[in-house]
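# Fold and contact review
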Amino acid sequence: MERIYILVSGPLAWIAWSVLILGSIYRLWQVFSLAKQKEQVLFSYISLKYALRSIINWSIPWNTTNMRLHPIFTGVAFLFHIGFFVILIFLSAHVIMIEEGFGLSWPTIPDALADVMAFLVVGACIFFGVRRIVRPEVAFVTDWTDFALLGLVAAPFLTGILAYHQWGDPLLMTILHMLSAEILLISIPFTRLVHMLFAPFTRGYIGSEFGMVRHVKDW
Amino acid sequence: MKERVWIKDEGIERGAEALTPERIERTINAVLGNETGARLMAYVETCVHCGLCSEACHFYLSRDKDPSYAPVGKVKQTIWPMLKHKGKVSVEFMKQATQIAQTECNLCRRCVQYCPFGIDIAYMMSLVRRIVHKLELTPLYIQDTAHSHSATLNQMWVKDDEWIDALHWQEDEIREEIPNARIPLEKEGADIMYSVIGPEPKFRTQLIYQAAVIMNVAGLNWTMPATPGWDNSDMAMFTGDSEIMARLKRAHFETAARLRVKKIVMGECGHAFRSVYDTGNRVLGWRMPPIPVIHALEFYWDLLNEGRIKVAKQIEEPVTFHDPCNVVRGRGLHEKAREVVRAFCKNLVEMHPNREHNLCCAAGGGVINCGPPFKNARVESNSAKAEQLKATGVKLCIAPCHNCHGGLDDIIHKYGLDMELKFLGEIIYECMEKPEA
C-alpha cells in the first residue's frame, strides 16, 4: 500500500501534471495553428474590448438573460466551478504539499469551509447527472460519456471527503483521491473538459462578432 | 407533442436518388476537411451538451419543447454523426439533415446568445446546408431562387428591361402626387445608391414608390442602378452556395462602385442586409463592406434626426414593433427603430421578449423560400410568436423586413389574429410632411 502511495503521490503526479500542461499547450497550439492555417480571417474579427465585455458579463452569476431563465442551474453551476478551483488551489492540504515539495506557499481556506465546498461540488455533480436524466432536452443529447465526465470530476472530491473524514481506510482513500485527481488532470485536454481551455476563446470570439460587427449584446 | 413529419420535397427526393454512400462520404469530408478548421473543432469539443440553448429556439418552444427541435438537438442530428462516422452516413440521414438544417432553423442566432460558451450553432447549420448544396439535396423552391440569382443576378427572374420599366412606372405614379419627383437612374456620383430585393419590382412596387417619395421629400442626391446588381437579396447565402453568393455581392458592390456613390442604402429587408453587411463582404475578402451599407431603419433615423423628414401626423391606434433578427441581432438597430416608430406612432406596445432577444418570424434564413411543401410545418413551428403577437392586443404590427412580413402574415392567418402588418416606410410615407404634394 505504501508503495502504491509513493507511486501515485510521486511519479504519477508528475506524469499527470505534465500531461495536463503539455497537453493543454498542445491543444491550444493545435487550435491556433489550425486557425492560422485555414481561418486566418477569424483573427481580424477579434476585439479585446468586446471579447472581455462578453467574458465578464458571462462570469457574473444571473447576469445574462439565459442565466435568469435558469436561476437554480446557474447557482449550482457557479458554486460548482468556484468550489472546484478554490479547493484545488486553496485547500490547506494541497498548499502544504506544494510547500513541502517546492517551498512555495500561499494563504489557505479553513478546512471546515473546504469540506462544505467539497460536498457542494459533489452535490452539483449529482444535480447535473439527475438533470441529464429528467430534462428531455438534455437527455436527448446525453450519452454515457457525459456521465463518465461527471464521474471523473466528482471522484477526486468524493474521495477527498472520505479521506478527510477518515471514512474507510485513510491511506486507501488518499491513494484513490490522488489517483482519481490524476486521471481527471490527464483527461482535461483530451475530453470535453477542454472547455476549460477553449471557452474563453469561443466566448471572446462571439463577443467580438456581436460587439464589433453587429453592435449588439451577446448575453 | 406532435411528432415531426419528414416532408416530401421534389428537390430533396430527386437529389437523393442520385446519391451514393461514397459520394456522401466524399462530400462531407471535403467540406468538413477543406472548409472548416479551428472554429468547428472548438465548437464541437467545447459543447458540454448542457441543453441550455433549447429555450432560445422558437421551434423548440412552439413544438411543445420537443428536444429534437432544440438547437443542440439539431446539431446532434446533423454534425455530430457526420463527424463521428467520418462522413459515412446514409441517404436517409442526409435527407433528414436537409430538412432540419434548411427548414427547421432560421439561422436567427438567438441560441448563440443563450449558449454560455457562445457556440455559433447557426454557423454549424450553415455548414450542413453547404454539404446539402454540394450533394444537390437543396429543397426545390429555394434552389429555383438560387438559379434565378445565378441566371439574372436577381431573386425573381426579373428581366433587365422589366426592372427599368418598373422604376419608370413608379416614377410616373409618384409624379401624380409630387409633380417634380424623380427616380434617378444611373446617376454617377450620387451620394446614395438605393438597392432593393427582387420581390419589390415584382410584387411590392409600392415600397419603391414610398421610398422614392421619402428620398424626394428629403431632397437627397440618390440613384438606382439600371443594370443587374440592383438586387441586394441573396438566397444563395442560405443554400450554402458560396460561389453564387460571391457573384451576387460582387455585382452589387461593383455597381455601387461604378456609380461612385458614397453609400448603399437598402430597403426594409433583413436577410439582404445580412448578406451585404456581414456575409457577402466576407466571402469577397472584405472584412467590412467596401462601401458603407445603411439599412432602411438606420436611414430613416438619420433623416429624422437631420430634420430632413418631419412628422405631419401620428398614428393614433396602438402599434407593436417586430424586431427582425438580421438587423437587430445582426446590427443592433432596435433602439433607432423604436425612436422612429415613436416619432410616428402615439402608442408603441412592446412584445416580450423584444429587442435583441426577439423571437424570429420563422420565415428567415431561407425557410419561407423552401416554399409550399414546408409551409404548414413552418407556421406550426411558431405558435410562440403568435402568442407573443396576440398578447400585445394591438391590431397593427410594424415589421421592417420582407421575410418577416411573409412569416408573420402566415402566422396571423393560421392563428386567426386580427392584425395588420406594415413596413416602417409605409408608416413614414403616410405620416410625414410632403410639402410639394
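Coordinates for the structure precede this section.
These remarks concern the structure in this document. (Residues numbered from 1 in each chain as written. Chains lettered and ligands numbered in written order. Predicted model: local features only at pLDDT ≥ 70, side-chain atom pairs only at ≥ 80, totals over all residues. Heavy atoms only, no water.)

Another point: the interface of chain A and chain B. With 44 residues of chain A at the contact, the number on the chain B side is 51 residues. Roughly 4200 Å² of surface becomes buried between chain A and chain B when both sides are summed, with 57% attributable to carbon and sulfur atoms. Summed over the three residues of chain A that lose the most area to chain B, namely A:Phe140, A:Val141 and A:Arg214, the buried surface amounts to 16% of that side. In this assembly, chain A and chain B are joined by 6 salt bridges. As a salt-bridge pair, A:Arg27 and B:Glu45 come within 2.7 Å of each other at their nearest N and O atoms. The tally of links between chain A and chain B comes to 29 residue pairs in polar contact (both at pLDDT 80 or more). Only helix H2 (11-38), helix H3 (41-44), helix H5 (65-69), helix H8 (111-134), helix H9 (136-139) and helix H12 (195-213) of chain A provide two or more residues apiece to the side of chain A that touches chain B. Top contributing element to the side of chain A that touches chain B by residue count: H12(A), with 11 residues. Across the side of chain A that touches chain B, the residue classes break down as 22 nonpolar, 8 polar and 14 charged. (Contact = heavy atoms within 4.5 Å. Buried area = accessible area lost by both parts, 1.4 Å probe. Salt bridge = Lys/Arg side-chain N within 4 Å of Asp/Glu carboxyl O. Polar contact = N/O pair within 3.5 Å; in protein donor to acceptor, adjacent residues only side chain to side chain. Helix = DSSP H or I, 4+ residues; strand = E, 2+ residues; numbered from the N terminus. Nonpolar A, V, L, I, M, F, W, Y, C, P; charged D, E, K, R; others polar.)

Attention shifts here to the pairing of strand E3 (residues 263-266) of chain B. Walk down a regular strand and you will see the side chains alternate between the two sheet faces. All names here are of chain B. Here strand E1 (residues 192-195) runs beside E3; their pairing, made up of 4 bridges, is parallel. Its bridge partner lying in E3, Ile192 is registered against Lys263. Across 3 bridges, the pairing between E3 and strand E4 (residues 293-295) is parallel. Within the sheet, the bridge partner assigned to Ile264 lies in E4 and is Val293. At this point the chain moves from E3, through helix H16 (residues 270-283), to the parallel E4, and the crossover so formed is right-handed. (Pairing = 2+ DSSP bridges. Right-handed = clockwise from strand over helix to strand, strands pointing away.)

Before going further, it helps to examine the packing of helix H10 (residues 144-164) of chain A against helix H11 (residues 170-187) of chain A. Helix-helix packing is described using two parameters, namely the angle between the two axes and the distance between the axes. All names here are of chain A. Running from N to C, H10 and H11 cross one another at 160°; their axes reach a closest spacing of 8 Å. In this view, H10 runs roughly antiparallel relative to H11, as classed from their interaxial angle. Handedness of the H10/H11 crossing: left-handed. Contact with H10, carried on its side by Leu152, Val153, Ala155, Pro156, Thr159, Gly160, Leu162 and Ala163, involves Met173, Thr174, Leu176, His177, Ser180, Ala181, Ile183, Leu184 and Ser187 of H11 and no other residues of that element. Class assignment of the residues belonging to the contact of H10 with H11 gives a composition of 11 nonpolar, 6 polar and no charged. (Axes fitted to C-alpha atoms, helices over the stretch in contact; angles between N-to-C directions. Parallel < 35°, antiparallel > 145°, perpendicular 65-115°, else oblique. Left-handed = near helix turned anticlockwise from the far one by under 90°.)

We now examine the sheet that holds strand E7 (residues 420-422) of chain B. All names here are of chain B. Taking strand neighbours across the sheet as the criterion, the 3 strands line up as E5-E6-E7 in an open arrangement whose pairing is parallel. In the strand order of this sheet, the two ends are held by strand E5 (319-321) and E7, each with one partner. Each strand of the sheet is rotated relative to its neighbour by a mean of 30°, with strand direction disregarded.

What follows concerns the packing of aromatic side chains. All names here are of chain A. Inspection of every chain in the model, using the stated rule, returns 17 aromatic pairs over all chains. When the centroid spacing of 5.6 Å and the interplanar angle of 45° are considered together, the rings of Phe84 and Phe157 count as tilted. On the criterion of sequence distance, the pair formed by Phe84 in helix H6 (residues 71-90) and Phe157 in helix H10 is long-range, its members being 73 residues apart. For Phe157, a relative accessible area of 9% corresponds to the buried category. (Phe/Tyr/Trp six-rings, centres within 6.5 Å; stacked < 30°, edge-to-face > 60°. Buried < 20%, exposed > 50% of the residue type's maximum accessible area, 1.4 Å probe, protein only.)

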